[in-house]
Amino acid sequence: MTLRSKVNIAPTDDVPLKPAHGYRLRRQRHPIGVRGGPRRAPRGYRLPDAERRQIRAAYDLRERQLVRALVTAAGQPGDAAENLAGQLEQRLDALVHRAGFARTVGEARSLVEHNTFTLDGGKVNRPSYLVQPGQIIQVRPERQCPTPAVVAAGGFRDVEAPPYLEVRPEEFTATLTREPRRQEVPDLRDVPLTVRSG
């Protein structure tokens, strides 16, 4: 029995390919060496480089996440800079950090991914989830033993909460009372947020 390959072997090839390799190469959707193909970020709006770096460092975001938030904010009615500030600050990991349940945004993201918090009594493990005004973030009762969230909450008692966030450290809860404004957000207060199209 003879196996026949559909792969064209170049004259310069030292080792001929087996039929199984030819099958895998034919199934390639993208060129070899390009993992997942070219991923283009949505276009239409952008920030200056210095502001973009500041926001990415403050919220621990990837470039693609920031671009998506920028496009969404610019597509909403009103000031694009205010919309962007509100959208970034309403992320679950940012609010967990502001509530004092985590020392950094990166730590807050890790705690959210490990199902440490509930939102209105339901589990949520997506750090980018946008919390709506009136929703309650709470440390799960079984996680209220000495975890990083509880240790951070213990050190938060002397820190003043943002005006849009009602924090009760003794109950391990935080409630978003209204949408944040840009001047109330500590990380964005000094950032111009010059949203430009193009």
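Residues numbered from 1 in each chain as written. Predicted model: local features only at pLDDT ≥ 70, side-chain atom pairs only at ≥ 80, totals over all residues. Heavy atoms only, no water.

Draft legend 1. Spotlight on the overall build of the chain. Within the chain one finds seven helices and seven strands. Listing every helix and strand of the chain by position from the N terminus yields α-β-α-α-α-α-α-β-β-β-α-β-β-β. Looking at the 198 residues of the chain, the share that counts as buried comes to 38%. Contacts in the chain between residues at least 24 apart in sequence constitute 55% of all its contacts with a sequence separation of at least 6. As presented, the chain carries roughly 12400 Å² of accessible surface, and 49% of it is formed by carbon and sulfur atoms. (Helix = DSSP H or I, 4+ residues; strand = E, 2+ residues; numbered from the N terminus. Buried < 20%, exposed > 50% of the residue type's maximum accessible area, 1.4 Å probe, protein only. Contact = heavy atoms within 4.5 Å. Areas by Shrake-Rupley, 256 points an atom, 1.4 Å probe, with all protein chains shown as cover.)

Draft legend 2. Molecular detail of the sheet that holds strand β3 (residues 122–123). Strand order in this open sheet of five strands is β3-β2-β4-β6-β5, and the pairing throughout is antiparallel. The outermost strands of the open sheet, each flanked by one partner alone, are β3 and β5 (165–168). Two strands pair when backbone bridges link them, and strand β2 (residues 117–119) and strand β4 (residues 136–139) are joined in this way by three bridges, in the antiparallel orientation. Across the sheet, Thr118 pairs through a bridge with Gln138, a residue of β4. (Pairing = 2+ DSSP bridges.)

Draft legend 3. Expanded view of the side chain of Arg91. Tracing the chain through its elements places Arg91 in the loop between α4 (80–89) and α5 (92–98). Overall, Arg91 belongs to the buried group, its relative accessible area being 8%. Setting aside residues no more than four positions away along its own chain, Arg91 makes contact with Leu61, Gln65, Arg109, Pro127, Ser128, Tyr129 and Leu130.

Draft legend 4. Layout of the environment of Pro163. Along the chain, Pro163 falls in the loop between α7 (148–155) and β5. Judged by its relative accessible area of 53%, Pro163 is exposed.

Draft legend 5. Representation of the nonpolar core in the model. Among the nonpolar cores identified, the biggest contains 39 residues, and Ile55, Tyr59, Leu84 and Val96 are the most heavily contacted of them. The residues contacting Leu84, other than those within four sequence positions of it, are Leu47, Ile55, Ala69, Leu70, Ala73 and Leu193. (Core = buried A, V, L, I, M, F, W, Y, C linked by side-chain atoms within 4.5 Å.)

Draft legend 6. Quick peek at the confidence of the model for the chain. Chain-level statistics for the chain give a pLDDT mean of 78 and a share of 68% at 70 or above. Across the chain, element-level confidence peaks in strand β6 (residues 173–176) with a mean pLDDT of 93 and bottoms out in α7 with 56. (pLDDT = per-residue confidence, 0-100.)

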